[in-house]
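Structure assessment
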Amino acid sequence: MKKNLFYYLFAVICSVALFTSCSDDDEDTTWQQIPEITNDNVTLKLNNTTLVGATATLDIINGENAKVTLINAIYGHASVPVNVIMEKKNDTSYNFSGTTDLEAARMEVSNSPLKITVSGTVDTTGKMTIDVATSGWAAVSGVYANDSLAITFDGKSHNNGSDYAVTLIAKENGSAATLVFKKIINVALNVEADVTLDNGKISGTVEPKLGYIITINGSVDNNGKLTLNLVSSGYGTIDASYSAKGNAITYNGKELTSGSVSIKVLSEKAAQVTLNGMLVGSRTAVIEEAVITKEEGKEVYALSGEMKNNDYTVVFKGTVGEDRKLTAEVTYKVIGDIVGKWNLMKTSENMAAPIFKFATNKGSVTLPESLLAIIPDDMKPMFPATMKDAQLTQVIQYLLANYAVYLQSIEFAENGRVIATYIDMPKDVNGDGKIDAQDAVDTTPKTFALLQYYMKDGQLYLAFDLSELMSMMPTYESRGWDPSGILTEGIPVNYQIAGNTLSVYLVTDVVVGLAGFANEMLPIIGMMLPEEMKPQFKVIETIFSAIVEGIIPEVKELEVGLMFTK
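Small disclaimer: the values here were computed from a predicted structure and weren't measured.

**Here we look at the packing of aromatic side chains**
In this structure the tally under the stated criterion is five aromatic pairs. The interplanar angle of 35° and the centroid separation of 5.3 Å between the aromatic rings of Tyr-312 and Tyr-332 together place this pair among those described as tilted. Of this pair, Tyr-312 sits in strand 25 (residues 312–320) while Tyr-332 sits in strand 26 (residues 326–334), and the two are 20 residues apart along the sequence. On the accessibility criterion, Tyr-312 (6% relative accessible area) is buried. Ring geometry for Phe-356 against Phe-358: centres 6.2 Å apart, planes inclined by 10°, an arrangement best described as stacked. According to the relative accessible area criterion, Phe-356 is buried, its value standing at 10%. Residue classification places Phe-358 among the buried positions, given a relative accessible area of 10%. Three or more aromatic residues joined by ring pairs form one cluster here, namely Tyr-251, Tyr-312 and Tyr-332. Here Arg-283 stacks its cationic end above the ring of Tyr-312, 4.9 Å away from the centre of that ring.

In structure tokens, the structure reads:
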């Protein structure tokens, strides 16, 4: 009996062991062959769009359960864990799927969830493909740039690169959003706008700077596309710099091709207007409180203002049209006793009244042979090889008194122009060695108006209106005055007004500097002259060269000028 019982128990134990062995043989262990997933083997799409920089990890619990962690895939969340159910697809791969709910990207503005659905495939080679779908109003939150962003600004396509990305943050249960523009061209950086959000449609306004209104309309969808149309308006839109080349700006009635007007809006009714590169002498005029007037029903703004000091006034009138172009008139007027027409002062002998002071360190001057050689024969007795300072002074004063009489007058116009009126010197037209009735003498007054002037710190400055010479001007340093600024700052001229008498003269440092400057410039000018004029001009070059090299180094005092009367 006991023996039968032993065999019975032994048979039961063997049967249990046999069935247990068969069950172990049927258990799936393929999931254990899946290696650790690396970023290189992950293909991830969010709402059918491949995300740059996004990836995922997979932690397998068993053949039926796992956890997928999304990394940099959901805006506002560095990582998102999703529990998934695994289902064997074939001998080497598994399908998986799962969902999770998240708070909105900015939890402080809403408590509505964002639903994330994950589905994908993983195989025993370690390759994983994941499709992520978002739903709920917060699904549109994210950063949009490049292919996911389309912007027009005032009717023109706006840059949509990463430097101009737009961040959208949905809030208030999807009825509103905040747009953060990384950069709006020519407007501002990091512009934040609160807009309404209605079934993907966007609308709103923002004022990124004083008086500058941007109206925003557009749409966003769950496929990752943000489309925006921006339109600017308001008085702040005139806050800009306007180049003379791209706008219609006149200065004392002359259309400008250089310079600019800068407008800085102070309020709805006032602006600061700065005039750059218009006033001679590198001066900048600033009109502090120009009045702004808007044309009713249009984005057209008129500006007017005036600047005044002891030396001049500037009046500005302009209009910025709907095309954002400036049309402006700038009127410049000089203030002071010097304004007006001054006739050349003459002596009782009908000669000019020159100003000429001259002194050398040695008290005498030895004239260079090259200079003596070109002096006309009838004038050579006046110029011995060596001359005392007083003797040379007397000769030069005599020559100035005789030849300056052909300059009739100088007008310092209130618009800043210098107008010199003169007549031609008599010439021996028939070549008989004398000037008489047989020679045709043109006494028609002519004008020279290529100079401008301005007053600064009690000094009169004359400046050439020949900007084309700027590129040819050499650098030259003199004693106390650098002539390299002739075309920008002008020539400093001393002047004195006593009653109706005006004395205008150049002091030593300026004369010395001008002589050196002329010596450098004359060869350049000579190259541009017609062939028939070059021989005569060569004589002038020779004279200047002899003066600069032979006399100027010894000069201690040298003042040259003329006297005029009203």
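**Considerations on empty space enclosed by the protein**
To locate leftover empty space, one rolls a probe as large as a water molecule over the atoms. Tallied over the full model, the rule gives one cavity of 30 Å³ or more. Each pocket or cavity is described by its volume, and for the largest cavity that value is around 40 Å³. As for the largest cavity, its lining consists of Tyr-251, Met-278, Val-280, Tyr-332, Asn-415, Gly-416, Gln-452 and Tyr-453. Grouping the amino acids of the lining of the largest cavity by side-chain chemistry returns five nonpolar, three polar and no charged.

**Describing the confidence of the model for the protein**
Considering every residue of the protein, the mean pLDDT works out to 85; 86% of them sit at 70 or more. Contacts for the low-pLDDT stretch residues 1–7, under 50 throughout, to residues beyond four places or in other chains number zero contacts. Across residues 16–25 the pLDDT falls below 50, and counting only partners more than four positions away or on other chains, this stretch makes zero contacts in the model.

**Some details on the pairing of strand 34 (residues 459–464)**
Pairing of strand 33 (residues 446–456) with strand 34, which is carried by six bridges, proceeds in the antiparallel orientation. The residue bridging Lys-456 from the neighbouring strand is Gln-459, located in strand 34. The pairing of strand 34 with strand 35 (residues 491–498) spans three bridges and is classified as antiparallel. Directly across from Leu-460, in strand 35, lies its bridge partner Val-493.

**Description of the environment of Asn-252**
Within the secondary structure, Asn-252 sits in the loop between strand 19 (248–251) and strand 20 (254–255). Here Asn-252 falls in the partly exposed class, since its relative accessible area comes to 27%. Spatially, the C-alpha atoms of Asn-252 and Val-330 are 6.1 Å apart, while their sequence positions differ by 78 residues. Filtering out sequence-adjacent residues up to four positions away, Asn-252 remains in contact with Val-330, Thr-331, Tyr-332 and Asn-415. Here the side chain of Asn-252 touches Tyr-332 through a polar contact of 2.8 Å, landing on its backbone nitrogen.

**Thoughts on helix 3 (residues 389–403)**
Its 15 residues place the ends of helix 3 21 Å apart at the C-alpha level, agreeing with the 21 Å of an ideal helix rising 1.5 Å per residue. When helix 3 is considered as a whole, its buried residues turn out to be Asp-389, Leu-392, Thr-393, Val-395, Leu-399 and Ala-401. Packed against the buried residues of helix 3 are strand 28 (354–360), strand 29 (364–366) and strand 30 (386–388).

**Some remarks on the sheet that holds strand 24 (residues 301–308)**
Ordered by their spatial adjacency, nine strands build an open sheet running 18-21-22-23-24-25-26-19-20, and the pairing between neighbours is mixed. In the strand order of this sheet, the two ends are held by strand 18 (240–243) and strand 20, each with one partner. Here strand 22 (residues 270–279) runs beside strand 23 (residues 283–294); their pairing, made up of six bridges, is antiparallel. In the strand pairing of strand 23, Val-273 is matched with Ile-287.

**Focus on the pattern of salt bridges**
Taken as a whole and judged by the stated rule, the model has six salt bridges. Residue Lys-380 pairs with Asp-377 through a salt bridge whose shortest N-O separation is 3.6 Å. A relative accessible area of 36% means that Lys-380 is categorised as partly exposed.

**A closer look at the sheet that holds strand 12 (residues 166–171)**
The strands making up a sheet are joined through hydrogen bonds of the backbone, oriented either antiparallel or parallel. Pairing in this open sheet of nine strands is mixed, and the strands run 9-12-13-14-15-16-17-10-11 from one edge to the other. Each having just a single partner strand, strand 9 (142–144) and strand 11 (156–157) make up the two edges of the open sheet. By the bridge criterion, five bridges tie strand 10 (residues 149–153) to strand 17 (residues 225–233) in an arrangement that is parallel. Pairing of Phe-153 across the sheet is with Leu-230, part of strand 17.

**Some thoughts on unusual backbone geometry**
The residue Asn-146 is not glycine, and still its phi comes out positive at about 55°. Its place among the elements puts Asn-146 in the loop between strand 9 and strand 10.

**Looking at helix 5 (residues 534–550)**
With 17 residues, helix 5 should reach 24 Å at 1.5 Å per residue; the first-to-last C-alpha distance of 24 Å fits that figure. All of the buried residues in helix 5 are Phe-537, Glu-541, Ala-546 and Val-548.

**Notes on the side chain of Thr-30**
Position of Thr-30 relative to the elements: it lies in the loop between helix 1 (2–26) and strand 1 (42–46). Judged by relative accessible area, which is 8%, Thr-30 ranks as buried. Polar contacts involving the side chain of Thr-30 include one to the side chain of Lys-88, which spans 3.2 Å. Not counting the four nearest positions on each side in its chain, Thr-30 is found in contact with Lys-88, Asp-91, Tyr-94 and Thr-124.

**Some words on the environment of Tyr-406**
Relative to the elements of secondary structure, Tyr-406 occurs in the loop between helix 3 and strand 31 (407–412). Assessed through its relative accessible area of 22%, Tyr-406 is described here as partly exposed. Distance from Tyr-406 to Leu-344, taken between C-alpha atoms, is 9.1 Å for residues 62 residues apart in sequence.

**Overview of the pairing of strand 19**
In strand 19, alternate side chains face the same way, and those of Ile-249 and Tyr-251 are buried while those of Ala-248 and Thr-250 on the opposite face are not. Bridge count for strand 19 against strand 26 is four bridges, and the pairing is parallel. Its bridge partner lying in strand 26, Ile-249 is registered against Ala-328.

Calculation rules
- Residues numbered from 1 in each chain as written.
- Predicted model: local features only at pLDDT ≥ 70, side-chain atom pairs only at ≥ 80, totals over all residues.
- Heavy atoms only, no water.
- Phe/Tyr/Trp six-rings, centres within 6.5 Å; stacked < 30°, edge-to-face > 60°.
- Helix = DSSP H or I, 4+ residues; strand = E, 2+ residues; numbered from the N terminus.
- Buried < 20%, exposed > 50% of the residue type's maximum accessible area, 1.4 Å probe, protein only.
- Lys NZ or Arg CZ within 6 Å of the ring centre and 35° of its normal.
- 1 Å grid on protein atoms, 1.4 Å probe; cavity = no way out; pocket = protein on both sides within 12 Å on 5 of 7 lines; lining within 4 Å.
- Points joined across faces, edges and corners; volume = space filled by probe spheres on them.
- Nonpolar A, V, L, I, M, F, W, Y, C, P; charged D, E, K, R; others polar.
- pLDDT = per-residue confidence, 0-100.
- Contact = heavy atoms within 4.5 Å.
- Pairing = 2+ DSSP bridges.
- Polar contact = N/O pair within 3.5 Å; in protein donor to acceptor, adjacent residues only side chain to side chain.
- Expected span 1.5 Å × (residues − 1).
- Salt bridge = Lys/Arg side-chain N within 4 Å of Asp/Glu carboxyl O.

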